[in-house]
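Single-letter residue listing:
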Amino acid sequence: MTAVKSIAVLTSGGDSQGMNAAVRSVVRSALYHGLEVYGVQRGYQGLLNNDLRPMDLRSVGDIIQRGGTILQTARCKEFLTPEGQQRGADILRERGVDGLVVIGGDGSYQGANKLSKLGIKTMGLPGTIDNDIPFTDYTIGFDTAVSIVVDAINKLRDTMTSHERSSVVEVMGRHCGDIALYAGLASGAETILVPEVPFDLDLVARRMQENFLSGKRHSIILVAEGVGSGEDIAQGITQRNGIEPRVTVLGHIQRGGSPTHNDRILASQLGDFAVRKLMEGDSGKACGIINNELVVTDIDKVVHTKKPFNMDMYNLASRLSL
Ligand code: ADP
Ligand code: F6P
């Protein structure tokens, strides 16, 4: 017995590596269980355009290794309105779809929550590089984004060390410093600046100067974009200690490329889990992984909770960067 016979899947908001692996998992798992499955093109915009296409086994072939999303993604203003949301729910009903899997970040989850309140059975999958979704240890794409940042810092270290220079690296993360935190710890950054932790630029500049005097041949300052621009931080440092750090803004490079095996595995597990939960009659939930266990949490609770910042990890990075 299954609570749903026909489901749809969409990707929405900022894309992330592993979204394709998640779409593949949803589609193949649904077909395996004998459900009908539609792919919605361009997120909520595509839903409002009634752009739902039937998916078969081959339609998700050769995508597990690809970044981006074959379903495309979009930001849709009309869906922010109650009228838009009602129209979206009506279209799903007219098309005979009784379950929807939304792969996206916080904004996309808010949309899924609205559809759920309008009676559509929804499941959210955390698809964002930012790792800013609560009730999951990791989001799909985060691991790949961190790897990209670490790889870039490895390269920067080579040239910075040769020239005995310092480097300011600006990474993504408007409200969440996890990319900076994890990449900073993994690459031995001297300073990590994140929106969650107040900082004193005088101290940062003094520490940098002292470290150079005590024999360090390079220094890396990692800045999450939510703190301010890397350029401004670099200028502030120069004003304080005369050192002129070179600035690198990694930008959208962090959102592209082939997903790591961790992201592919997480996406594959969560996609299948979402389908099974819908079949069991669960809805209005967000899927996640906590301590290696797949979990569901009320999506309403998820969108009203801020993910706690890992201060232990932050302090560890700081202790190890002496
Ligand atoms: P992300 O999912 O990556 O956080 P956005 O914040 O851009 O990306 O959200 C993606 C889309 O989700 C928006 O363009 C909009 O269509 C929909 N959305 C965002 N917030 C809401 C909301 N409060 N209510 C309904 N839909 C929303
Ligand atoms: O939501 C993920 C994210 O990558 C943020 O870290 C970043 O600020 C934002 O998207 C930029 O997205 P876009 O350029 O697509 O608006």
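Conventions adopted
Residues numbered from 1 in each chain as written. Chains lettered and ligands numbered in written order. Predicted model: local features only at pLDDT ≥ 70, side-chain atom pairs only at ≥ 80, totals over all residues. Heavy atoms only, no water. Axes fitted to C-alpha atoms, helices over the stretch in contact; angles between N-to-C directions. Helix = DSSP H or I, 4+ residues; strand = E, 2+ residues; numbered from the N terminus. Parallel < 35°, antiparallel > 145°, perpendicular 65-115°, else oblique. Left-handed = near helix turned anticlockwise from the far one by under 90°. Contact = heavy atoms within 4.5 Å. Nonpolar A, V, L, I, M, F, W, Y, C, P; charged D, E, K, R; others polar. UniProt positions renumbered as here; feature names shortened; annotations may be inferred. Phe/Tyr/Trp six-rings, centres within 6.5 Å; stacked < 30°, edge-to-face > 60°.

### Thoughts on the packing of helix H5 (residues 142-163) against helix H6 (residues 178-187)
Packing of H5 against H6 leaves a shortest axis separation of 9 Å and a crossing angle of 45 degrees. The orientation of H5 with respect to H6, classified from their angle, is oblique. Handedness of the crossing formed by H5 with H6: right-handed. Residues Phe142, Ala145, Val146, Val149, Val150, Ile153 and Arg157 of H5 form the contact with H6, whose participating residues are Asp178, Ile179, Tyr182, Ala183, Ala186 and Ser187. The class makeup of the residues in the contact of H5 with H6 is 10 nonpolar, one polar and two charged.

### Quick notes on the UniProt feature "active site" (unreviewed entry) in the protein
The positions that UniProt labels "active site" (unreviewed entry) are, in the present scheme, Asp130. Relative to the helices and strands, aspartate 130 is located in the loop between strand E5 (122-126) and H5. If we skip the residues at most four places from it in the chain, aspartate 130 touches Thr139, Phe142, Met172, Gly173, Cys176, Asp178 and Ile179.

### Section: the packing of aromatic side chains
Tallying each qualifying case throughout the model produces five aromatic pairs. Taking the centre distance of 6.3 Å and the plane angle of 80 degrees together, the rings of tyrosine 138 and tyrosine 182 count as edge-to-face. Of this pair, tyrosine 138 sits in the loop between E5 and H5 while tyrosine 182 sits in helix H6; the two residues are 44 residues apart in sequence, bridging distant segments of the chain. Look at phenylalanine 142 and tyrosine 182: their rings are 4.9 Å apart centre to centre, the planes differ by 85 degrees, and that puts the pair in the edge-to-face class. Note that phenylalanine 142 is positioned in helix H5 and tyrosine 182 in helix H6, a separation of 40 residues in sequence.

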